[in-house]
Amino acid sequence: MFFKKNRPSVEENILSKIDKNKLPAHIAIIMDGNGRWAKKKNMPRTMGHRAGVETIREIVKACSKLGIKYLTLYAFSTENWKRPSDEVSVLMNLLVEYLRGEVNELHKNNVVVRAIGDIGGLPQICQDELKRAYEKTKNNSGLKLNLALNYGGRDEIKKAVKAIVSDVSEGKVAIGDIDEKLISSYLYTSDMPDPDLIIRPSGEYRISNFLLWQIAYAELWFSDVYWPDFKPDNLYQAIVDFQNRDRRFGGIK
Ligand code: IPE
Ligand code: IPE
Ligand code: MG
């Protein structure tokens, strides 16, 4: 007892500033900068992706411990197919490796593993592992972890428009019933609250086709840190900053 360090770490310091009663319900992260992180270290890009998976482990754990309800991670966009096929393969393999290696731990931590995006367009092995992880964790009551895979905001809206038009033509939906709530119900995120906080590391200040409909009133938080270097204290700082923002949703205070 006598020798216990009495000064809190930087991490504990930031953590203590978070108001647990005002947590964002839904945090969404554009995990970016793996390639540049690796380049800076003279390593192949794929090593950056591998290091990025470590960050996922830590950040998911931190969100879960904190009591965040929804965490959406942008892992692979509908545009990322443009990358060299060997990089795409590594990303798909890492997904399988992550799910296989982490599902028990996630389950132990009461996390539900879900996916959003055009999952049918992923390699079969990825689809199988996602399904297995979901089946194992679906009855948990903790953090809902949404992996955005083969996800594009415009693609999602296009699919919703098609489905609505099809339901209108079959007489299931009347044109007069089409409102914002109905449109939301046709999106991958139909059963989640809109994200309150969007985090993008790596020094890029754009959305890159992520949750375009859902982020209308999300608070945006940027950082120059590359994703493999992103730590729980970066997350805590983002939440502290979020809690100090004034959200008006078009109204006045
Ligand atoms: C993010 O890192 C991972 C994916 C998009 C899959 P990047 O691979 O985009 O890294 P940078 O932007 O090239 O540094
Ligand atoms: C956004 O990052 C997509 C993901 C993180 C999966 P990208 O690196 O693909 O996007 P741009 O090229 O910077 O817009
Ligand atoms: Mg990038």
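Residues numbered from 1 in each chain as written. Chains lettered and ligands numbered in written order. Predicted model: local features only at pLDDT ≥ 70, side-chain atom pairs only at ≥ 80, totals over all residues. Heavy atoms only, no water.

*Asks:* Would you explain the overall build of the protein chain in this entry?
*Replies:* Helices and strands together make up the secondary structure of the protein chain, namely eight helices and six strands. Counted from the first residue to the last, the protein chain has its helices and strands arranged as α-β-α-α-β-α-β-α-β-α-α-β-β-α. The C-alpha radius of gyration of the protein chain comes to 19 Å, within 12% of the 18 Å expected for a compact globule of 253 residues. Overall, the protein chain is about 75 × 50 × 35 Å in size when its C-alpha atoms are taken along their principal axes. (Helix = DSSP H or I, 4+ residues; strand = E, 2+ residues; numbered from the N terminus. Rg over C-alpha atoms; globule rule 2.2 N^0.38 Å.)

*Asks:* Would you explain the environment of Thr137 in this entry?
*Replies:* Position of Thr137 among the secondary structure elements: in helix 5 (residues 124–137). Looking at Thr137, the relative accessible area reads 0%, which means it is buried. Between the C-alpha atom of Thr137 and that of Asn6, which follows or precedes it by 131 residues, the distance is 39 Å. If near-sequence neighbours (up to four positions away) are discounted, Thr137 is found in contact with Val103, His107, Val111, Val112 and Val113. Only 3.0 Å separates the side chain of Thr137 from the backbone nitrogen of Val113, close enough to count as a polar contact. (Buried < 20%, exposed > 50% of the residue type's maximum accessible area, 1.4 Å probe, protein only. Contact = heavy atoms within 4.5 Å. Polar contact = N/O pair within 3.5 Å; in protein donor to acceptor, adjacent residues only side chain to side chain.)

*Asks:* Before we go on, may I ask you to explain the site of ligand 2 in this structure?
*Replies:* In the vicinity of ligand 2, the contacting residues are Ile30, Met31, Asp32, Tyr74, Ala75, Phe76, Ser77, Asn80, Arg83, Arg200, Arg206 and Ser208. One nitrogen or oxygen atom from the side chain of Asn80 is found 2.9 Å from an oxygen atom belonging to ligand 2. Note that an oxygen atom of ligand 2 is positioned 2.6 Å from one of the side-chain N or O atoms of Ser208. When ligand 2 is considered free in solution it has 390 Å² of accessible area, and contact with the protein chains removes 77% of it. Ranked by residues supplied to the shell around ligand 2, first place goes to strand 2 (residues 70–77) with four residues. (Near = heavy atom within 4 Å. Areas by Shrake-Rupley, 256 points an atom, 1.4 Å probe, with all protein chains shown as cover.)

*Asks:* What's the story with the packing of helix 3 (residues 45–66) against helix 4 (residues 85–108) in this structure? I'm lost.
*Replies:* Two numbers describe a pair of packed helices, the interaxial angle and the distance between the axes. Running from N to C, helix 3 and helix 4 cross one another at 25°; their axes reach a closest spacing of 10 Å. Taken together, the axes of helix 3 and helix 4 are roughly parallel relative to one another. Handedness of the helix 3/helix 4 crossing: right-handed. In contact with Arg45, Thr46, His49, Arg50, Val53, Ile56, Arg57, Val60 and Lys61 of helix 3, helix 4 contributes Glu87, Val90, Leu91, Leu94, Glu97, Tyr98, Glu102, Glu105 and Leu106. For the contact of helix 3 with helix 4, the per-class residue count stands at eight nonpolar, two polar and eight charged. (Axes fitted to C-alpha atoms, helices over the stretch in contact; angles between N-to-C directions. Parallel < 35°, antiparallel > 145°, perpendicular 65-115°, else oblique. Left-handed = near helix turned anticlockwise from the far one by under 90°. Nonpolar A, V, L, I, M, F, W, Y, C, P; charged D, E, K, R; others polar.)

*Asks:* What should I look at first to understand the sheet that holds strand 6 (residues 219–222) in this one?
*Replies:* Across a sheet, paired strands are connected by hydrogen bonds in the backbone, their directions being either parallel or antiparallel. Reading across from one edge, 3-4-2-1-5-6 is the order of the six strands in this open sheet, with parallel pairing throughout. Whereas interior strands pair on both sides, the edge strands pair on one side only; in this sheet they are strand 3 (112–116) and strand 6. Shown here is a sheet whose adjacent strand axes are inclined to one another by a mean of 20°, direction ignored. Against the sheet, helix 3 contacts strand 1 (26–30), strand 2 and strand 4 (144–151), and its axis sits at roughly 160° relative to strand 2. Along the sheet face, helix 4 touches strand 2, strand 3 and strand 4 and points at about 165° away from the line of strand 4. (Pairing = 2+ DSSP bridges.)

*Asks:* What am I meant to see in the UniProt feature "binding site: Mg(2+)" (unreviewed entry) in the protein chain here?
*Replies:* UniProt's feature table lists "binding site: Mg(2+)" (unreviewed entry) at Asp32 and Glu219, given in the numbering used throughout. By the element assignment, Asp32 lies in the loop between strand 1 and helix 2 (34–40). Look at Asp32 and you get buried, because its relative accessible area is 17%. Non-local contacts of Asp32, meaning those with residues more than four positions away in its chain, are made with Arg200, Pro201, Ser202, Glu204, Tyr226 and Trp227. A distance of 3.3 Å separates polar atoms of two side chains, one belonging to Asp32 and the other to Arg36. Tracing the backbone shows Glu219 in strand 6. With residues near it in sequence (within four places) discarded, Glu219 still touches Asp196, Leu197, Ile198, Phe242, Arg245 and Arg247. (UniProt positions renumbered as here; feature names shortened; annotations may be inferred.)

*Asks:* Would you explain the packing of aromatic side chains in this entry?
*Replies:* What characterises a pair of aromatic rings is the spacing of the ring centres plus the angle enclosed by the ring planes. Per the counting criterion, the structure on display carries eight aromatic pairs. Aromatic pair Phe76 and Trp81: ring centres 4.8 Å apart, planes at 70°, arrangement edge-to-face. The exposure class assigned to Phe76 is buried, which follows from its relative accessible area of 2%. Feature note: the residues Tyr74, Tyr151, Tyr188 and Phe210 constitute an aromatic cluster, connected by ring pairs. (Phe/Tyr/Trp six-rings, centres within 6.5 Å; stacked < 30°, edge-to-face > 60°.)

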